[in-house]
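Here is how the chains run, residue by residue.
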Amino acid sequence: MTILQTRLNKWSPQSWQQKDTAQQVKYADEAAVTAALTELTALPPLVTELEIEALKKQLAEAALGQRFLLQGGDCAENFTDCHANAIVNKLKILLQMSLILLHGLHKPIIRVGRMAGQYAKPRSSEYETQNNITLPVYRGDLINKPAFIAADRAHDPQLMLRGYYYSALTLNHIRALVDGGFANLLHPEYWELDFVKHAPMSAEYQAMVDSITNSLDFLKTISGLQTANLDRVDFYSSHEALHLLYEQALTRQTNNGWYNLSTHFPWIGMRTAQLEGGHVEYMRGINNPIAVKISPQITKETLVNLINTLNPHDEPGRLTLIHRLGANKVTALLPEIIETVKKTGKTVLWICDPMHGNTSTTSEGIKTRSFDDILFELRESFAIHQRLNTYLGGVHFELTGENVTECIGGARGITEHDLKHAYKSLVDPRLNYEQALEMAMLIVKMQR
Ligand code: PEP
Ligand code: CO
């Protein structure tokens, strides 16, 4: 037996519990935790091994420059937002963005939502104090509730079950829409949102849709092309694998090994990417494609060790690195990160998250992000990868299909003053529908 096999043999869905684990949940009643986990473990999986392997293959192609990944959704989903409109609108904006990218980049697009399970959030402090009262921070609907009330802020294991059910309901609706023909490339008019006609870039979007529709009609005419592949695009789910008790309960063994069957594409967040920590231990043993957020704090040594631990066999499509460095650091830091990874000789899929390095707080204490900073980080990232002969194979956004005002800038020129009008996020600020659409168009332009 090789050393590696010995190490892997020691892995189990709960071996992470032997490690120091950051961002952990503290339940008061152990029996209640056991009961919730027993119930969760017996419930059917939410996704399948076949879907996961199909996605892994596509991600492997993206790593080689043959596809482009669009990953996006809320910073955190809320149980109360699990209704048809919010789901459909998020699907619509992601489909519209993917159409813009498909048209402009001339590559198949992989569509992945931060959806159907993005219910747990890493926090920088454990407690929050208001008017001399100190309570645990809100950690996402999977763990506790947002209101500043002791009963709501207590960690409740039953919320894991509710999270599972809401994930299932969300996925069910997405699958019904996609299978029913909603995601049909021949009918992009299905994805129109009510306010799209008033968007500053609506004419440009419509011209592109017309051009694609004409090309597809032309292809059909000359080749009698079957439209089977066009009337149903793939759509995958992802979330941060933060609450490991939940992830563990949805980890199932198949003939080919262990899979996290709560989502297709889990990622490790920046605050839990410790080499010796519980999250890396858990993720190394599952067969899903996985991603890791790369922040300015990472050292060269940790980066190399993470790659070797998470993808020892250089399996195609296995590992995605999502860099989130910030507009003010990307130019200085990204080249060295890329060179360090190159030296490992292993292939990764490079993705840029231009959101999380660019969060700021206004003078009134509102968390926001500037459209221009987001754009700058993207532009620099594309340019640096091109210069170093690597391929930036995707983007990771926090966005919503709603008409919120959380990020500053964009064609409509949202200002600090406008943020109050429709600020809905309980956590990070998201691009609204128009800003997301514009961002996709600008990505295409920077690639030309
Ligand atoms: C997130 O994706 O919402 C997040 C918290 O990101 P990061 O781990 O990169 O800070
Ligand atoms: Co976020």
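Since we're looking at a predicted model, the values are computed, not measured.

Peer 1: Give me the lowdown on the side chain of Lys90, citing residues and values where you can.
Peer 2: Looking at the secondary structure, you find Lys90 in helix 4 (residues 84–105). At 2.7 Å, the side chain of Lys90 and the side chain of Asp74 are in polar contact.

Peer 1: Quick one: what's the story with the packing of helix 2 (residues 30–42) against helix 6 (residues 158–179), residue by residue and with numbers?
Peer 2: Between helix 2 and helix 6, the least distance of the axes is 8 Å, while the angle of their chain directions is 20°. The orientation of helix 2 relative to helix 6 falls into the category roughly parallel. Judged by residue contacts, Ala36, Leu37, Glu39 and Leu40 of helix 2 engage Gln158, Met160, Leu161, Tyr164 and Tyr165 from helix 6. Across the contact of helix 2 with helix 6, the residue classes break down as 7 nonpolar, 1 polar and 1 charged.

Peer 1: Describe the confidence of the model for the chain, with residues and values.
Peer 2: Across the chain, the average pLDDT comes to 93, with 96% of residues at 70 or higher. When the elements of the chain are averaged for pLDDT, helix 1 (residues 3–9) gives the smallest value, 55, and strand 10 (residues 319–323) the largest, 99.

Peer 1: Break down the site of ligand 1 for me, citing the residues and quoting the values.
Peer 2: Taken together, Cys75, Arg114, Lys121, Pro122, Trp267, Gly269, Met270, Arg271, Lys293, Arg324, His356 and Glu398 make up all the residues around ligand 1. At 2.7 Å, a side-chain N or O of Lys121 approaches an oxygen atom of ligand 1. In the model, an oxygen atom of ligand 1 is placed 2.8 Å from a nitrogen or oxygen of the Met270 main chain. Within the complex, 97% of the 290 Å² of free accessible area of ligand 1 lies under protein. Tallied by class, residues from the shell around ligand 1 come to 4 nonpolar, 2 polar and 6 charged.

Peer 1: Report on the sheet that holds strand 8 (residues 267–268), specifying residues and quantitative values.
Peer 2: Reading across the sheet, the 8 strands line up as 5-2-1-14-11-10-9-8 and stay open at both edges, with parallel pairing between neighbours. A strand with exactly one partner marks an edge of an open sheet, and here the two such strands are strand 5 (236–237) and strand 8. Inspection of the sheet shows strand 1 (residues 68–73) paired to strand 2 (residues 109–114) by 6 bridges, in the parallel sense. Its bridge partner being in strand 2, Phe68 is matched across the sheet by Ile109. Those strands touched by helix 12 (residues 371–387) are strand 1, strand 10, strand 11 (349–352) and strand 14 (392–398), and its axis lies near 165° from that of strand 14.

Peer 1: Before we move on, can you summarise the coordination of the cobalt ion (ligand 2) with the specific residues and values?
Peer 2: Put simply, a metal with four donors set out as a tetrahedron has ideal angles of 109.5 degrees, and one with six donors set out as an octahedron has ideal angles of 90 or 180 degrees. Within the protein, the atoms that donate to the cobalt ion (ligand 2) are Cys75 (SG), His356 (NE2), Glu398 (OE) and Asp428 (OD), at distances of 2.1 to 2.3 Å. Read in sequence order, the donor residues for the cobalt ion (ligand 2) give the motif C-x280-H-x41-E-x29-D. Of this pair, Cys75 sits in the loop between strand 1 and helix 4 while His356 is found in the loop between strand 11 and strand 12 (359–361), placing the two residues 281 residues apart along the sequence.

Peer 1: Explain the packing of aromatic side chains to me, and be specific about the residues and the numbers.
Peer 2: Tallying each qualifying case throughout the model produces 6 aromatic pairs. Considering the side-chain rings of Phe79 and Tyr166, the 4.7 Å spacing of their centres and the 25° angle between planes classify their relative orientation as stacked. Of this pair, Phe79 sits in the loop between strand 1 and helix 4 while Tyr166 sits in helix 6, and the two are 87 residues apart along the sequence. Among the aromatic residues, ring-to-ring pairing joins Trp11, Trp258 and Tyr282 into one connected group.

Peer 1: Would you mind going over the pairing of strand 4 (residues 133–136) in detail, with residue names and values included?
Peer 2: Looking at chain direction, strand 3 (residues 127–130) and strand 4 are connected through 4 bridges and run antiparallel. What sits directly across from Gln130, in strand 4, is Ile133. Joining the antiparallel neighbours strand 3 and strand 4 is a turn of 2 residues, in which Asn131 adopts a positive phi near 45°.

Peer 1: Before we move on, can you summarise the pattern of salt bridges with the specific residues and values?
Peer 2: In total, this model carries 20 salt bridges according to the counting rule given. Between Lys56 and Glu315 there is a salt bridge, with its nearest N and O atoms 2.7 Å apart. On the criterion of sequence distance, the pair formed by Lys56 in helix 3 (residues 49–63) and Glu315 in the loop between helix 10 (300–310) and strand 10 is long-range, its members being 259 residues apart. Of the residues examined, Lys56 reaches a relative accessible area of 4% and is grouped as buried. A network of salt bridges, in which partner residues are shared, links Arg114, Lys367, Arg369, Glu398 and Asp428.

Peer 1: Which residues make up the nonpolar core, and what are the values?
Peer 2: Formed by 114 residues in total, the largest nonpolar core has its most connected members in Leu321, Phe397 and Leu431. The element contributing the most residues to this core is helix 4, with 11 residues. Not counting residues within four places of it along the chain, the set of residues in contact with Leu431 comprises Met355, Phe371, Ile374, Phe397, Glu398, Leu399, Thr400, Cys407, Ala436 and Met439. One finds Val112, Tyr236, Trp267 and Leu349 within the second-largest nonpolar core, a separate group that totals 14 residues.

Rules and cut-offs
Residues numbered from 1 in each chain as written. Chains lettered and ligands numbered in written order. Predicted model: local features only at pLDDT ≥ 70, side-chain atom pairs only at ≥ 80, totals over all residues. Heavy atoms only, no water. Helix = DSSP H or I, 4+ residues; strand = E, 2+ residues; numbered from the N terminus. Polar contact = N/O pair within 3.5 Å; in protein donor to acceptor, adjacent residues only side chain to side chain. Axes fitted to C-alpha atoms, helices over the stretch in contact; angles between N-to-C directions. Parallel < 35°, antiparallel > 145°, perpendicular 65-115°, else oblique. Contact = heavy atoms within 4.5 Å. Nonpolar A, V, L, I, M, F, W, Y, C, P; charged D, E, K, R; others polar. pLDDT = per-residue confidence, 0-100. Near = heavy atom within 4 Å. Areas by Shrake-Rupley, 256 points an atom, 1.4 Å probe, with all protein chains shown as cover. Pairing = 2+ DSSP bridges. Donors = N, O, S within 2.8 Å, 3.2 Å for Na, K, Ca; no water. Phe/Tyr/Trp six-rings, centres within 6.5 Å; stacked < 30°, edge-to-face > 60°. Salt bridge = Lys/Arg side-chain N within 4 Å of Asp/Glu carboxyl O. Buried < 20%, exposed > 50% of the residue type's maximum accessible area, 1.4 Å probe, protein only. Core = buried A, V, L, I, M, F, W, Y, C linked by side-chain atoms within 4.5 Å.

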